[in-house]
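# Descriptive analysis of the structure
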Amino acid sequence: MAAALLFLTFVLIPGVSRIKSQARAVAAAEADLAEVRKARPEIERIQKEPARERDRPDRRQREGRPLSRITSALRKRGFRRRR
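Residues numbered from 1 in each chain as written. Predicted model: local features only at pLDDT ≥ 70, side-chain atom pairs only at ≥ 80, totals over all residues. Heavy atoms only, no water.

## Some thoughts on the overall build of the chain
To keep it simple, the criterion reads: Elements are defined by DSSP. Helices are runs of H or I of four residues or more, strands are runs of E of two residues or more, and each kind is numbered from the N terminus. Think of it in three bands: with a 1.4 Å probe and only protein chains considered, a residue is buried below 20% of the maximum accessible area for its type, exposed above 50%, and partly exposed in between. The contact criterion used is simple: two residues touch if any of their non-hydrogen atoms lie within 4.5 Å. Note on areas: Shrake-Rupley with a 1.4 Å probe; residue coverage comes only from the protein chains shown.
Looking only at helices and strands, the chain has three helices and zero strands in total. Secondary structure elements of the chain occur, N-terminal to C-terminal, as α-α-α. By the burial criterion, 16% of the 83 residues in the chain qualify as buried. If you take every contact in the chain between residues at least 6 apart in sequence, the share linking residues at least 24 apart comes to 48%. Working note: accessible area of the chain is about 7300 Å², and carbon and sulfur atoms make up 58% of it.

## Quick look at a nonpolar patch on the surface
For clarity, the cut-off: Exposure above 30% relative accessible area and the absence of a salt bridge qualify a residue for a patch, where like charges join within 9 Å and nonpolar side chains (Val, Leu, Ile, Met, Phe, Trp, Tyr) within 5 Å. Between Lys or Arg on one side and Asp or Glu on the other, a salt bridge is scored when a side-chain nitrogen of the former is within 4 Å of a carboxyl oxygen of the latter.
Among the surface-exposed residues, Leu6, Phe7, Leu8, Phe10, Val11, Leu12, Ile13 and Val16 lie close enough to one another that they form a single nonpolar patch of about 760 Å² accessible area. With respect to the secondary-structure elements, Phe7 resides in helix H1 (residues 2-48).

## A word on the pattern of salt bridges
Taken as a whole and judged by the stated rule, the model has three salt bridges. In this structure, Lys38 engages Glu35 in a salt bridge whose closest nitrogen and oxygen atoms are separated by 3.7 Å. Here Lys38 pairs with Glu35, and both are found in helix H1, just three residues apart, close to one helical turn. With relative accessibility at 51%, the residue Lys38 sits in the exposed group.

## A short note on H1
Note the following rule: To estimate the expected span of a helix, count its residues, drop one, and scale the result by 1.5 Å. One axis fitted to the seven residues ending at a residue, another fitted to the seven starting there: the angle between these axes is the bend at that residue.
Over its 47 residues, H1 extends 66 Å from the first C-alpha to the last, a length consistent with the 69 Å expected when each residue adds 1.5 Å. At Arg40, H1 is bent by approximately 50°, the largest bend along its length, and proline Pro41 sits one to four residues beyond. Along H1, the positions that sit buried rather than exposed are Gly15, Ala39, Ile43 and Ile46.

## Some thoughts on the confidence of the model for the chain
Quick note on the threshold: Every residue carries a pLDDT, the predictor's confidence in it, which falls somewhere between 0 and 100.
Averaged over every residue, the pLDDT of the chain is 78; the share at 70 or more is 80%. Here helix H2 (residues 51-55) stands out as the least confident element of the chain, with mean pLDDT 58; H1 is the most confident, with 86.

## What about helix H3 (residues 66-76)?
All of the buried residues in H3 are Ser68, Arg69, Ile70, Ser72, Ala73 and Leu74. Looking one or two residues beyond H3, the residue adopting positive phi is Gly78, at roughly 100°.

## Thoughts on the packing of H1 against H3
Helix-helix packing: each pair is described by the crossing angle between the helix axes and the interaxial distance. For the record, the criterion: In this analysis an axis means a line fitted to C-alpha atoms, helices contributing only their contacting stretch, and an angle means the value between N-to-C directions, from 0 to 180 degrees. Here a crossing is called left-handed whenever its near helix is offset anticlockwise from the far helix by less than a right angle, and right-handed whenever the offset is clockwise. Under the grouping applied here, Gly and all other residues not named as nonpolar or charged are polar, the nonpolar ones being Ala, Val, Leu, Ile, Met, Phe, Trp, Tyr, Cys and Pro and the charged ones Asp, Glu, Lys and Arg.
One can describe the packing of H1 onto H3 by two numbers: an axis separation of 10 Å at closest approach and a directional angle of 145°. For the element pair H1 and H3, the recorded crossing hand is right-handed. Contact residues: Val36, Ala39, Glu42, Ile43, Ile46 and Gln47 in H1; Arg69, Ile70, Ala73 and Leu74 in H3. Looking at the contact of H1 with H3 residue by residue, the class counts come to seven nonpolar, one polar and two charged.

Put into structure tokens, the structure is as follows:
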């Protein structure tokens, strides 16, 4: 009886908690991936722009670098940075 209680306390319950935690992390990663897939056409459009248009600073947005433009496009679509 004591062995069964110890097994439940130290092996089974923590294992189930770990599985639930990993399942939540997988669900969050899948949601993030779905958001990136939705934004993919816009990301590809930004990457295909001619270099002179892409690198020219915009008056409204002084971020002319491609990575910052992709990041801002993702944020406009509702994709938030996780910490």
